[in-house]
Amino acid sequence: MSKIEINNVYKIFGNNPKSVLPMVKEGSTKDEILEKTGHTVGLDNVSLKIEEGETFVCMGLSGSGKSTLIRHLNRLIDPTDGEILVEGTNVMSLDKEKLIEFRRHKMSMVFQRFGLFPHKTVLQNVGYGLEMQGKSEDERNKISMEKIDAVGLNGFENQYPSQLSGGMQQRVGLARALATDTDIMLMDEAFSALDPLIRSDMQKQLIDLQSELKKTIVFITHDLDESLRLGDHIGILNSGKLVQVGTPEEIIMNPADDYVKAFVKDVNRAKVIKAKIIMKNLNDSENIDKSNVIKVNEDQFIEEFLPQIVCSDSNCEVVDKNGNIKGYITNQELQSSLTKS
Ligand SMILES: Nc1ncnc2c1ncn2[C@@H]1O[C@H](COP(=O)(O)OP(=O)(O)OP(=O)(O)O)[C@@H](O)[C@H]1O
Ligand SMILES: [Mg+2]
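Residues numbered from 1 in each chain as written. Chains lettered and ligands numbered in written order. Predicted model: local features only at pLDDT ≥ 70, side-chain atom pairs only at ≥ 80, totals over all residues. Heavy atoms only, no water.

If you check the shell around ligand 1, you find 15 residues, and the closest are K30, S62, G63, K66 and T68. The contact in question runs from an oxygen atom of ligand 1 to an N or O atom on the side chain of S62, over 2.5 Å. In the environment of ligand 1, an oxygen atom lies 2.8 Å from a nitrogen or oxygen atom belonging to the backbone of G63. Taken by itself ligand 1 offers 640 Å² of open surface, and the protein chains cover 63% of this. Looking at which element gives the most residues to the shell around ligand 1, the answer is helix 3 (residues 66-73), with three residues. A breakdown of the residues in the shell around ligand 1 according to their chemical character gives two nonpolar, 10 polar and three charged. (Near = heavy atom within 4 Å. Polar contact = N/O pair within 3.5 Å; in protein donor to acceptor, adjacent residues only side chain to side chain. Areas by Shrake-Rupley, 256 points an atom, 1.4 Å probe, with all protein chains shown as cover. Helix = DSSP H or I, 4+ residues; strand = E, 2+ residues; numbered from the N terminus. Nonpolar A, V, L, I, M, F, W, Y, C, P; charged D, E, K, R; others polar.)

Here it is in structure tokens:
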């Protein structure tokens with residue numbers, strides 16, 4: 001069973017979404033629907049599965065439906081049609097009490113625009129979810145201070161959100177989500193307001209945290225580098241439609257359409273493509289010159305061995321972690337893989 005399963009979800013915003021649904025199902029585009037009916041298509045027949053312990057990144061241009069999608073997961077938004085299952089439970093079947101319980105203990109969320117309480121201090125904001133979980137003040141403060149420390153806001157715990165910069169407020173939101181220790185974390189552009197150095201640092205922290213805690217994270221961004229760095233799988237939305245889901249390598253190597261191509265065209269391919277993705281396996285390697293090869297590990301990124309291969313004009317022999325030969329990459333193929341799209 002997948003941790004999260006979304007089946008044929010449609011979301012239409014407007015006065016009478018149900019009346020517009022048949023048109024959407026028959027294939028009218030978002031623009032047509034808006035023009036003819038004044039309704040906005042938020043999501044158009046989205047289905048996907050997110051597995052326990054993975055980081056699933058959702059990418060797409062502004063207005064493509066990313067926030068709408070993530071908000072269906074904790075039912076801040078109800079679908080016009082389709083179902084959302086979390087650990088096999090249809091979230092639409094939760095009554096008021098169960099939904100509150102579910103939001104407090106199952107999922108935490110970092111909002112795109114922080115969502116902090118202006119009249120609570122940093123410490124109180126971070127401890128809010130814990131308060132809702134019924135934890136004592138001592139316990140709340142202890143956990144909150146740990147998380148405030150983790151996001152680098154030590155010393156600011158008694159300040160109010162208005163006294164902080166945007167990036168600092170975003171970190172308060174992140175600390176609050178971490179504090180509740182739910183096994184699903186929803187992060188809507190959680191790092192977008194941070195400056196590059198802190199952003200990179202926070203990405204690193206999230207990766208470290210993830211390798212230890214193995215939470216299920218749904219992370220929204222419109223930054224391709226961030227999604228490649230964080231995502232086990234990436235889903236790409238265009239006008240409410242999910243146009244491609246794949247691993248970072250699959251998205252880079254086989255973009256499904258022009259929209260995805262536009263996203264990946266400027267990516268530094270050497271940084272994200274691993275040796276095993278482009279190697280020819282042994283059966284197809286018979287004609288490759290093996291007199292001058294350099295061994296590389298199958299999980300190494302191209303950038304790690306590219307200079308050496310190019311300078312010595314050799315081919316790559318790709319091995320697994322036990323040293324078994326898995327395949328070969330010729331010098332020429334290595335270089336052309338960097339420009340293909
Ligand atoms: N409450 C709402 N009422 C009407 N239309 C909405 C509402 N929320 C979202 N929409 C529409 O749904 C579409 C998707 O919006 P959404 O906020 O999910 O985009 P997004 O991908 O998160 O964009 P951004 O990157 O700018 O945050 C947009 O066309 C938007 O106009
Ligand atoms: Mg959004």
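From this point, the narrative continues.
Let us now look at the domain arrangement of the protein chain. Domain annotation of the protein chain identifies domain 1 (4-106 + 182-267) and domain 2 (271-337). Using C-alpha coordinates to define each centre, domain 1 is positioned 35 Å away from domain 2. Each partner contributes residues to the interface: domain 1 has five residues there, and domain 2 has five residues. Linking domain 1 with domain 2 are zero salt bridges. Across the contact surface, domain 1 and domain 2 share zero residue pairs in polar contact (both at pLDDT 80 or more). Among the elements that line the side of domain 1 that touches domain 2, the one with the most residues is helix 10 (residues 248-253), at three residues. Residue composition of the side of domain 1 that touches domain 2, by class: four nonpolar, no polar and one charged. (Domains from an automatic or database assignment. Contact = heavy atoms within 4.5 Å. Salt bridge = Lys/Arg side-chain N within 4 Å of Asp/Glu carboxyl O.)

Here the focus is the pairing of strand 1 (residues 4-13). Burial analysis of strand 1 places eight of its 10 residues in the buried class, which makes it a mostly covered element. Both strand 1 and strand 4 (residues 81-86) contribute to a ladder of five bridges, which runs antiparallel. When the bridges of strand 4 are listed, I4 appears paired with V86. Sheet topology places strand 1 next to strand 2 (residues 40-50); seven bridges connect them, and they run antiparallel. Bridging across to strand 2, F13 finds its partner in T40. (Buried < 20%, exposed > 50% of the residue type's maximum accessible area, 1.4 Å probe, protein only. Pairing = 2+ DSSP bridges.)

Turning our attention to the nonpolar core. M187, F191, F219 and L334 are the most contacted members of the largest nonpolar core, which totals 57 residues. Looking at this core, the element that brings in the most residues is helix 7 (residues 166-179), giving seven residues. What F219 contacts, discounting residues up to four positions off in sequence, is T55, F56, V57, C58, M187, A190, F191, L206, E226 and L230. Of all hydrophobic cores here, the second largest spans 25 residues; its members include C58, I84, V86 and I184. (Core = buried A, V, L, I, M, F, W, Y, C linked by side-chain atoms within 4.5 Å.)

Turning our eyes to something else, we now look at the sheet that holds strand 11 (residues 280-281). The sheet built from four strands is open, its strands ordered 11-14-13-12 with mixed pairing. What marks the edges here is a single partner per strand, and that holds for strand 11 and strand 12 (293-297). In the sheet, strand 12 pairs with strand 13 (residues 315-319) via five bridges, with the strands oriented parallel. If you follow N297 over to strand 13, its bridge partner there is V319.

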